[in-house]
Amino acid sequence: MNLNINDTFLKELPSDPINENSRRQVLRACYSYVSPRKTKAPQLIHVAKSVANLLGISEEETQSQEFLKVFTGNQVLPNTTPYAMCYGGHQFGHWAGQLGDGRAINLGEVLHNNKQWAIQLKGAGETPYSRTADGLAVLRSSIREYLCSEAMHYLGVPTTRALSLSLSGDEVMRDMLYDGNAAYEKGAIVCRVAPSFLRFGSFEIFSARQDPKTLKTLVDYTLRNFYPNCELNKQGYIQFFREVSTRTLDMIIEWQRVGFVHGVMNTDNMSILGLTIDYGPYGWLEGYDKRWTPNTTDTEHKRYQFGNQSNIGLWNLLKLANALYPLIEEAEPLEEILANYKTTFAAKYLGMMKAKLGLTTQNTDDIKLITDLETVLAKTETDMTIFFRNLAKVSKTLEVPVKDELSFLSEVMDAFYKPEELKGEVLFFWKDWMKRYVARLQEETATDEVRKQVMDTINPKYVLRNYMAQIAIDAADKYDYSVVGELFTVLEKPYNEQPEAQKWFAKRPEWARTKVGCSMLSCSS
Ligand code: AMP
Ligand code: MG
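In short, a report on the structure. Keep in mind the model is a prediction, meaning the values are calculated, not measured.

We now examine the coordination of the magnesium ion (ligand 2). Around the magnesium ion (ligand 2), the protein supplies Asn269 (OD1) and Asp278 (OD) as donor atoms, at distances of 1.9 to 2.2 Å. Classification of Asp278 as buried rests on a relative accessible area of 14%.

Okay, here's the thing in structure tokens:
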């Protein structure tokens, strides 16, 4: 492998002068040098060839011993010095102080085809930021991160990528449910790839520590490398904040479009590039329930529930604004950007939902059509993915009957978990909504066929349903990686029909309703 190493982070930013790998507060530095841990019996499970391609690694090279060793932390690439990044963060609404890469180790940056990529191993051992934990990751959470980050990419959602998934060959102790029943699990390592892994918390830490010098060095680095149209002055810093706000908002709109719930939108998990980052206890909406969160650590307050993600995005941006304030020293322009967020979000959300419904023209009643749809979808458990995908089959000539017949819902019938509940008030609401929807479709010039084609590029057929990842995990735990491979392939083309994959276009099976790992996930990983 001959990677074109081009380390900007190390060259342009201050390092921790202490080289010893002990847990501590690291001051006035953006990173600490660390060595990945040697693992007992590394084994490659899966490689994302298109990501290898981004880095200039050929398919043949992905099968080499060198690839295996490098991307499991057992061999350091020539001309590189691995490091862990220092950052802080607000967790569940409270300032948590220094966090940092507790179990992520950056190998370096690669420049290929004029694009800059940072490469990072997750689960490769402890760092000065590991606090009380071990720096390792288990197979189940690594499969979830690997499959989901690539699935999100192919869905068109901004995200970090994943190059490879490997077993370390070591055992890792975890108390999965935090109930005192700790057990050994298989250790694993995911290699993640992104232009940068900087987070909101990377900036917060320096303002919290009243270190404007390092803050400025880091902001200037970020602008030079990732926001080149922002000048290195107050106006440029304001523009930077505006662009981060836009990217964050756009990313969350995409989450809402595909039914993704991040689960832990702490400021240390918010990318400064507006990428989905840190796939932990995330989940996919099955029933269209805005209050749903997969994260069992958050069941009480549901801070990170599906319907609250845009508000949390704004809250996190407020924290970032506070962090940047020492360089700007003017509250007004930052407040104005934050004030615009809500109206911009509402407008973009409307546009996104209209696209999901196949509506392209203007009609002032569309807001009501959409809010009423969201109300009726929640009246009886209705699968989000199946509903929107199949809605494209509804014809503008559909006749909605006055009598209590269900045939007008036949195209979307598969989406209902309990079709027997389609009666009385619920049926009344559906009839009313479908009648209005069909009338609204008649205002559109596109034919049914054309509209369906367009809608099928917006409403995915295949997402990584919570139970699908769990099936892949259960098989992989028995050394069968075929499901990981199968899901990876299906999720590379989420908008295509793929008749051979039809079984994954199905509602969550009943066994998965309450199974741990499917609908309930803790932060243990
Ligand atoms: P998360 O909620 O997964 O984003 O993690 C929050 C913080 O805890 C980050 O600083 C992580 O690096 C750290 N962390 C999570 N799991 C581990 C682990 N097993 N070992 C060391 N640090 C960890
Ligand atoms: Mg994190």
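Additional details are given in the paragraphs that follow.
This part covers the site of ligand 1. Lining the immediate surroundings of ligand 1 are 17 residues, of which Gly100, Gly102, Arg131, Gly135 and Asn269 lie closest. Between ligand 1 and the protein, one listed contact pairs an oxygen atom with a backbone N or O atom of Gly100 at 2.6 Å. Here a nitrogen atom of ligand 1 sits 3.3 Å away from a polar atom, N or O, in the side chain of Arg103. Calculation on ligand 1 without its partners gives an accessible area of 480 Å², and the protein chains cover 82% of this total. Here the residues of the shell around ligand 1 sort into four nonpolar, six polar and seven charged.

Counted according to the given criterion, the structure contains 27 aromatic pairs. Judged by centre distance (4.6 Å) and plane angle (55 degrees), the rings of Phe67 and Phe71 are tilted. Phe71 matches Phe67 in its accessibility class, with the two residues each being buried. When the ring of Trp255 is compared with that of Phe260, the centres are 5.5 Å apart and the planes differ by 65 degrees; the resulting orientation is edge-to-face.

Below, the discussion takes up a negative patch on the surface. Together, Glu330, Glu332, Glu335 and Glu336 make up a region of like negative charge exposed at the surface. Position of Glu336 among the secondary structure elements: in helix 10 (residues 332-357).

A few words on the side chain of His262. Residue position: His262 is located in the loop between strand 10 (260-261) and strand 11 (283-284). Within polar-contact distance, the side chain of His262 engages the backbone oxygen of Ile277 at 2.8 Å. Beyond its immediate sequence surroundings of up to four residues, His262 is in contact with Trp255, Asn269, Thr276, Ile277, Asp278, Pro281, Tyr282 and Gln309.

Each value, and the rule that gives it
Residues numbered from 1 in each chain as written. Chains lettered and ligands numbered in written order. Predicted model: local features only at pLDDT ≥ 70, side-chain atom pairs only at ≥ 80, totals over all residues. Heavy atoms only, no water. Donors = N, O, S within 2.8 Å, 3.2 Å for Na, K, Ca; no water. Buried < 20%, exposed > 50% of the residue type's maximum accessible area, 1.4 Å probe, protein only. Near = heavy atom within 4 Å. Polar contact = N/O pair within 3.5 Å; in protein donor to acceptor, adjacent residues only side chain to side chain. Areas by Shrake-Rupley, 256 points an atom, 1.4 Å probe, with all protein chains shown as cover. Nonpolar A, V, L, I, M, F, W, Y, C, P; charged D, E, K, R; others polar. Phe/Tyr/Trp six-rings, centres within 6.5 Å; stacked < 30°, edge-to-face > 60°. Patch = residues over 30% accessible without salt bridge, like charges linked within 9 Å, V, L, I, M, F, W, Y side chains within 5 Å. Salt bridge = Lys/Arg side-chain N within 4 Å of Asp/Glu carboxyl O. Lys, Arg positive; Asp, Glu negative; His and termini not counted. Charge placed at Lys NZ, Arg CZ, Asp CG, Glu CD. Helix = DSSP H or I, 4+ residues; strand = E, 2+ residues; numbered from the N terminus. Contact = heavy atoms within 4.5 Å.

Structural measurements only, silent on function.
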